[in-house]
Amino acid sequence: MTTEKPNWNQHDLRKYDFPLDDIPRLNCMDPQVDELIRLKKPVVLTGSNLVGAASKWNLDYLEENMGNGDFTIFVSDRNQFKFFDEKKLAEIASVTGAHVKDRSKKEYERPAKSTTMKIREFARRVKEWKDGDERMYLQQALNSTSGAGVVQDFIRFRWDWVTVKQKLHNWGKLTYNLLLIGLEGNVTPCHYDEQENLFAQIHGHKRCILFPPEQFECLYPHPVWHPHDRQSQVDLTDIDYSRFPKAQNLHGVETVVGPGDVLYIPIYWWHHIESVKPEKYSVSLNFWYKAGPVGQVEYPIKGYQKVAIMRNVEKMLAEAMQDPEEVGTLLRTMVNGRF
Ligand SMILES: O=C(O)CCC(=O)C(=O)O
Ligand SMILES: [Fe+2]
């Protein structure tokens, strides 16, 4: 076995205000891996070869073998790509009474615009891209439009190994694989997902900063009905402590993943991901699994289960009030001076 020297440089990494411990890095055969996954703790798995068949997925290869489908590309003037869920706007309209229809139409700022491109066009633009140009981030679920080469590679993923993990940890079904191709310096700001994630790095390096669900209060998520649902309002690169004072208590874990590494991002864990030097672009593929069946709940309730409960309460109140903006008022009335 060769121990590869990382070719990213510690000094190139951005300095953050909060403490960061290292995420454990273990060979996939190490029995501790399954113990960490069972406890829903992040871990970097090495040596799994999960997407070894995709190790050649650089832009030249993908251009030839990815097919002629349309790819979703986010475009942004800034380096941060904060997800904006257009479907939430329709949802707000459907739960909102006529009396607040106008308010729900208010203009939201979209931090990144979504467009579609053929892979050839995207590859050309990435190759020509220079610092200061508009940034791009391809984020597309793998689908049946993939060319024959990519389909062959996909079939050769270690489905046997990953299916054993899925069964062992009682995860639900694989929803899809999201392919991410982004420029060095692109940032996916801090958010959580409602799925278990095996995040496989293929080309280039990514710095992944994670926080446990227990840090909910320090990260001030947008309300559940908001198009930025599940995203933190706190910009970790420039924290506004007067608005978000509890961000002073942030304490995260981090790692830099490179080709062949697989990071387990547990369901409801916050993550902030940046593509780092030296490569010009990064290619990753995630494996998103639905949560397993709830089964017997054990007490005391865990941090991630509290987040799920809070989401349900918030959704129920928004629907009952027929006005999402009344949720906060109601919750404050319930709590202030009483609890
Ligand atoms: O790699 C990224 O930029 C974001 C990935 C992510 O958020 C995810 O896989 O859940
Ligand atoms: Fe995510």
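Residues numbered from 1 in each chain as written. Chains lettered and ligands numbered in written order. Predicted model: local features only at pLDDT ≥ 70, side-chain atom pairs only at ≥ 80, totals over all residues. Heavy atoms only, no water.

**Remarks on the side chain of H222**
Alright, step 1. Along the polypeptide, H222 turns up in the loop between α8 (216-219) and β11 (252-257).
Alright, step 2. Sequence-distant contacts of H222, that is, excluding residues within four places in its chain, are made with K82, H228, D229, Q231, S232 and Q233. (Helix = DSSP H or I, 4+ residues; strand = E, 2+ residues; numbered from the N terminus. Contact = heavy atoms within 4.5 Å.)

**Examining the site of ligand 1**
Alright, step 1. As a structural note, the neighbourhood of ligand 1 is formed by Y137, L180, T188, H191, D193, N197, F199, K206, H271, I273, N286 and W288.
Alright, step 2. Between ligand 1 and T188, the relevant distance is 2.5 Å, taken from an oxygen atom to a side-chain nitrogen or oxygen of the residue.
Alright, step 3. D193 is positioned such that a nitrogen or oxygen atom in its side chain is 2.8 Å from an oxygen atom of ligand 1.
Alright, step 4. Bound to the protein, ligand 1 loses 96% of the 300 Å² it would expose on its own.
Alright, step 5. Mapped by element, the contributors of at least two residues to the shell around ligand 1 are β8 (187-191), β9 (196-203), β13 (270-276) and β14 (281-289).
Alright, step 6. Along the lines of polarity and charge, the residues of the shell around ligand 1 split into 5 nonpolar, 5 polar and 2 charged. (Near = heavy atom within 4 Å. Polar contact = N/O pair within 3.5 Å; in protein donor to acceptor, adjacent residues only side chain to side chain. Areas by Shrake-Rupley, 256 points an atom, 1.4 Å probe, with all protein chains shown as cover. Nonpolar A, V, L, I, M, F, W, Y, C, P; charged D, E, K, R; others polar.)

**With respect to helix α7 (residues 159-168)**
Three- or four-residue spacings in an α-helix give side chains the same orientation, since the helix completes a turn every 3.6 residues.
Alright, step 1. Taken as a whole, α7 has its buried residues at W161, V162, K165 and Q166. In a view along the axis of α7, the buried residues occupy a sector of 135°, so they form one face of it. In α7, those exposed residues whose orientation departs by more than 90 degrees from the buried face are V164, K167 and L168.
Alright, step 2. In this structure, the buried residues of α7 make contact with α1 (31-38), β3 (43-46), β7 (174-183), β9 and β14.
Alright, step 3. Immediately downstream of α7, the backbone of N170 shows phi near 60°, a positive value. (Buried < 20%, exposed > 50% of the residue type's maximum accessible area, 1.4 Å probe, protein only. Arc of directions from axis to C-beta.)

**Digging into the coordination of the iron ion (ligand 2)**
Alright, step 1. Coordination of the iron ion (ligand 2) by the protein comes from H191 (NE2), D193 (OD) and H271 (NE2), over a distance range of 2.1 Å.
Alright, step 2. Positions of the donor residues of the iron ion (ligand 2) along the chain correspond to the pattern H-x1-D-x77-H. Highlighted residues: D193 in the loop between β8 and β9 and H271 in strand β13, separated in sequence by 78 residues. H271 matches D193 in its accessibility class, with the two residues each being buried. (Donors = N, O, S within 2.8 Å, 3.2 Å for Na, K, Ca; no water.)

**What to know about the environment of R110**
Alright, step 1. If you trace the backbone, R110 turns up in the loop between α4 (101-104) and β5 (113-117).
Alright, step 2. Judged by its relative accessible area of 34%, R110 falls in the partly exposed class.
Alright, step 3. Between the C-alpha atom of R110 and that of I23, which follows or precedes it by 87 residues, the distance is 32 Å.
Alright, step 4. Discounting residues that sit within four places of it in the chain, R110 has contacts with F84, E86 and L89.

**Examining the packing of aromatic side chains**
Alright, step 1. Scanning the entire structure with this criterion turns up 17 aromatic pairs.
Alright, step 2. Arranged with centres 6.0 Å apart and planes meeting at 40°, the rings of F157 and W159 form a pair that is tilted.
Alright, step 3. The exposure class assigned to F157 is buried, which follows from its relative accessible area of 4%.
Alright, step 4. W159 sits in the partly exposed class, given a relative accessible area of 22%.
Alright, step 5. Members of the aromatic cluster, connected to one another through ring pairs, are W57, F154, F157, W159 and F287. (Phe/Tyr/Trp six-rings, centres within 6.5 Å; stacked < 30°, edge-to-face > 60°.)

**Brief notes about the pairing of strand β6 (residues 135-141)**
Note on strand geometry: in a regular strand, side chains alternate between the two faces of the sheet.
Alright, step 1. Within β6, 6 of the 7 residues are buried, which leaves the element mostly enclosed by the surrounding structure.
Alright, step 2. Here 5 bridges tie β6 to β7, and the two strands are oriented antiparallel to one another. Opposite Q140, over in β7, you have L179 as the bridge partner. (Pairing = 2+ DSSP bridges.)

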